[in-house]
Amino acid sequence: MERYFSLRDMSTRAEAGRNYIDAYAAVFGAPQEIRDREGHYLETIAAGAFDRTLAQRAQQLQVLFNHGMTVHGTPSDRWTSPIGLPVEVRADEIGLWTVTEMARTEAAAEVYQLVQDGIVRGMSFSGQFLATTDQKPAKRGDLPLKTRTEVSLREYGPTPFPAYAAAKVVGVRANLDMLSPDELTEYLLTLDEQTRAHIVRSLD
């Protein structure tokens, strides 16, 4: 199983010479129309769907660009190697929050630049749906709803093919500690409330 999410509200930051991408790899409770081998339906991911995976292997997840595939869906020699290290992967009230330290490789630097420039605007994850609840449509012509209640997560990463509109890269970051208090305040005021809250929590 693979799922894709759109990115928006991106900001660029620097931290101690290392590059980071902050992004939601999934969003909870956001219905998305899906067509696959299970049929044509609406899908949501329940809060808590990733809890078991995160408890067991949050720091062992791989970070791949476009699932290690080419744009044609075939295996890619260039993208089979991980492009980053999961620093933080956790569920919050919005979805699956990820902080990734990008590798010091040419491929990772290219992906970072594409995200920073707003050219790559998607986030994706792959794994296996272990538990699902089905809800029949309320009226004829409506789509059935599948709520994924447990997901075994394998990998995540940026993708050029977003589908879910709610997930986003919140920041591409490096050197907040180099800003003066006035500069930091001015920078925070340029951000939306949700992004600002994440940065304040990180600083705390």
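Presented here is an overview of the structure given in this document. The structure displayed is predicted, hence computed values, not measured ones.

Across its full length, the protein chain holds four helices and ten strands. Taken from N to C terminus, the helices and strands of the protein chain fall in the order β-β-β-β-α-β-β-β-α-β-β-β-α-α. The buried share of the protein chain, taken over its 204 residues, is 47%. A sequence separation of at least 24 residues applies to 75% of the contacts in the protein chain between residues at least 6 apart. Of the roughly 10700 Å² of accessible surface on the protein chain, 50% is carried by carbon and sulfur atoms.

Counting residues in each nonpolar core, the largest one holds 30 residues, and the members touching the most others are Phe50, Ile83, Leu96 and Phe125. Elements with a minimum of two residues in this core: strand E2 (20–27), strand E7 (95–102), helix H2 (106–116), strand E8 (122–135) and strand E9 (145–159). For this core, the element with the highest residue contribution is H2, accounting for five residues. Setting aside residues no more than four positions away along its own chain, Phe50 makes contact with Ala26, Phe28, Ile45, Leu96, Phe125, Val151 and Leu153. Counting five residues, the second largest nonpolar core, distinct from the first, contains Tyr20, Ile94, Trp97 and Val99.

Turning our attention to the environment of Arg52. Within the secondary structure layout, Arg52 lies in helix H1 (residues 51–57). Among the residues examined, Arg52 registers a relative accessible area of 53% and is labelled exposed. Sequence spacing of Arg52 and Glu150 is 98 residues, and the spatial spacing of their C-alpha atoms is 7.9 Å.

Attention now goes to the pattern of salt bridges. Note that side chains of opposite charge can pair when their charged atoms are close. Throughout the structure, instances matching the rule amount to nine salt bridges. Arg148 is paired through a salt bridge with Glu43; the nearest N and O atoms lie 3.0 Å apart. Here Glu43 lies in strand E4 (residues 39–45) and Arg148 lies in strand E9, a separation of 105 residues in the sequence. Exposure remark for Arg148: the relative accessible area of 2% places this residue in the buried category. The salt bridge involving Glu110 is made with Arg78; its shortest N-O contact spans 2.3 Å. Of this pair, Glu110 sits in helix H2 while Arg78 sits in the loop between strand E5 (62–63) and strand E6 (84–91); the two residues are 32 residues apart in sequence, bridging distant segments of the chain.

About the thresholds
- Residues numbered from 1 in each chain as written.
- Predicted model: local features only at pLDDT ≥ 70, side-chain atom pairs only at ≥ 80, totals over all residues.
- Heavy atoms only, no water.
- Helix = DSSP H or I, 4+ residues; strand = E, 2+ residues; numbered from the N terminus.
- Buried < 20%, exposed > 50% of the residue type's maximum accessible area, 1.4 Å probe, protein only.
- Contact = heavy atoms within 4.5 Å.
- Areas by Shrake-Rupley, 256 points an atom, 1.4 Å probe, with all protein chains shown as cover.
- Core = buried A, V, L, I, M, F, W, Y, C linked by side-chain atoms within 4.5 Å.
- Salt bridge = Lys/Arg side-chain N within 4 Å of Asp/Glu carboxyl O.

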